[in-house]
Amino acid sequence: SHLEEKTQWEHPKSGKRKRVAGGLPYGWEQETDENGQVYFVDHINKRTTYLDPRLAFTVEDNPAKPTTRQKYDGNSTAMEILQGLDLSGKVVIITGANSGIGFETAKSLALHGAHVILACRNTSRGTDAVQRILAEWHKAKVEAMTLDLASLQSVQHFAEAFKSKNVPLHILICNAAVFGPPWCLTENGLESTFQVNHLGHFYLVQLLEDVLRQSSPARVVMVSSESHRFTEIKDSTGKLDFSLLSPSKKEYWAMLAYNRSKLCNILFSNELNRRLSPHGVTSNSVHPGNMIYSSIHRNWWVYTLLFTLARPFTKSM
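The protein chain is annotated in an unreviewed UniProt entry as WW domain-containing oxidoreductase of Colius striatus. UniProt annotates the protein chain under Sequence similarities (unreviewed entry) with the comment "Belongs to the short-chain dehydrogenases/reductases (SDR) family."

> How would you summarise the sheet that holds strand S5 (residues 47–49) if you had to cite specific residues and measurements?
Reading across the sheet, the 3 strands line up as S3-S4-S5 and stay open at both edges, with antiparallel pairing between neighbours. Strands at the two margins of the open sheet, each flanked by one partner only, are strand S3 (28–32) and S5. Adjacent strand axes in the sheet meet at a mean angle of 30 degrees, parallel and antiparallel pairs treated alike. Bridge analysis of S3 against strand S4 (residues 38–42) gives 5 bridges, and the strand direction is antiparallel. Across the sheet, the residue bridging to Glu29 is Val41, located in S4.

> Tell me about the side chain of Lys262, and please be specific about residues and values.
Secondary-structure assignment places Lys262 in helix H8 (residues 254–276). Buried charge without a partner: Lys262 forms no salt bridge, and the closest opposite charge is Glu191, 12 Å away.

> Mind laying out the pattern of salt bridges, listing which residues take part and the relevant values?
Oppositely charged side chains can pair when the atoms bearing their charge come close. Taken as a whole and judged by the stated rule, the model has 12 salt bridges. A salt bridge links Arg54 to Asp52, with the nearest nitrogen and oxygen atoms 2.8 Å apart. Taking the relative accessible area as the measure of exposure, Asp52 reaches 13% and is therefore buried. Here Lys165 ties to Glu143 by a salt bridge, and the two come within 2.8 Å at their closest N and O atoms.

> So what about the pairing of S4? Which residues, and what values?
Residues in a regular strand point their side chains to alternate faces of the sheet. Hairpin remark: S3 followed by S4, antiparallel, with 5 residues in the connecting loop; positive phi at Gly36, about 85 degrees. Bridging between S4 and S5 involves 3 bridges; their strand directions are antiparallel. The residue bridging Val41 from the neighbouring strand is Thr48, located in S5. Between S4 and S5, which pair antiparallel one after the other, the connecting turn spans 4 residues, and Lys46 there sits at a positive phi close to 55 degrees.

> Any chance you could break down the side chain of Asn175 for me, citing the residues and the numbers?
When you line up the elements, Asn175 lands in the loop between strand S10 (171–174) and helix H6 (192–214). One polar contact links the side chain of Asn175 to the main-chain carbonyl oxygen of Gly96, over a distance of 3.1 Å. In this view, Asn175 contacts Ile94, Thr95, Gly96, Ile101, Gly102, His201 and Val223; residues no more than four positions away in its chain are not counted.

> Kindly report on the UniProt feature "domain: WW" (unreviewed entry) in the protein chain, identifying the contributing residues and their values.
The UniProt feature table records "domain: WW" (unreviewed entry) at residues 22–55. Across residues 22–55, the secondary structure splits into 0% helix and 38% strand, with the terminal C-alpha atoms separated by 11 Å.

> Tell me what's going on with the packing of helix H3 (residues 100–110) against helix H4 (residues 123–136), and back it up with residues and numbers.
Two elements in contact, H3 and H4, have axes separated by 10 Å at closest approach and are oriented at 40 degrees. As the angle between them shows, H3 and H4 are arranged oblique. Considering the relative orientation of H3 and H4, their crossing is right-handed. Where H3 abuts H4, its residues Phe103, Ala106, Lys107 and Ala110 lie against Ala129, Arg132, Ile133 and Glu136. Broken down by class, the residue content of the contact of H3 with H4 amounts to 5 nonpolar, no polar and 3 charged.

Rules behind the numbers
Residues numbered from 1 in each chain as written. Predicted model: local features only at pLDDT ≥ 70, side-chain atom pairs only at ≥ 80, totals over all residues. Heavy atoms only, no water. UniProt positions renumbered as here; feature names shortened; annotations may be inferred. Pairing = 2+ DSSP bridges. Helix = DSSP H or I, 4+ residues; strand = E, 2+ residues; numbered from the N terminus. Axes fitted to C-alpha atoms, helices over the stretch in contact; angles between N-to-C directions. Buried < 20%, exposed > 50% of the residue type's maximum accessible area, 1.4 Å probe, protein only. Lys, Arg positive; Asp, Glu negative; His and termini not counted. Salt bridge = Lys/Arg side-chain N within 4 Å of Asp/Glu carboxyl O. Polar contact = N/O pair within 3.5 Å; in protein donor to acceptor, adjacent residues only side chain to side chain. Contact = heavy atoms within 4.5 Å. Parallel < 35°, antiparallel > 145°, perpendicular 65-115°, else oblique. Left-handed = near helix turned anticlockwise from the far one by under 90°. Nonpolar A, V, L, I, M, F, W, Y, C, P; charged D, E, K, R; others polar.

In structure tokens, the structure reads:
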């Protein structure tokens, strides 16, 4: 309909009416030629067309609002969930964003307009991840900053460097984690799994809390795991046992250490939400899924073997 400037049609058999809605897919821009005709440019695949690409994402006219369970399931991708959202002006920090779930999250948010900061321990890998995102969309606002959660000094330096940018912070995704490493202590004298998975993130949120409040509405997302259900951090009297959080080498078991750190993530997220939600900052913990193949198993060959055997049945990145 040229008068209403929208596309709409009725199915000849079902009678259902469809229409184009939402913004253009990522990487697309609308332009006008010298004759005044509107055309569309796909910057990713380097092509132009006079056909509205949103025709691939039509919606029903006046559809019944689906529930969350109907909209998204285990087959949904981040790009599908974000389809139609414009995140321009939003600033996001994602820890461990150079690979795996963190990278896919960073890429998806950046391709929908957000300014994404990849907080990575390895600077060169972080820079490479930024280039991979820019290769998909040259206008993406992405940058890498150094953050080593195994060093509380590095966490402090990262927070100071971010604050010096004088930008808001709308989303902080605490994604980085280690799984199954041999026992070792960080430079701060704490067991590495506990510090990297939980305490480093805990400290990071504390340092950036004032920026989150000033940027409200804002949110914190803690990437935890269902494995938190298979452990405990209390002693026989029901009190918190600090020796379980950062165990000695004799008491260390990699899987238990991981489970405990993930339980700490959830307890922290719940309390953080209780304290900050009245100030416009929400916090949620999330289980990313059992059947996702990532590189988190790289620290021990046994886990690598198990993940390799399970790979045909897992969801790839």
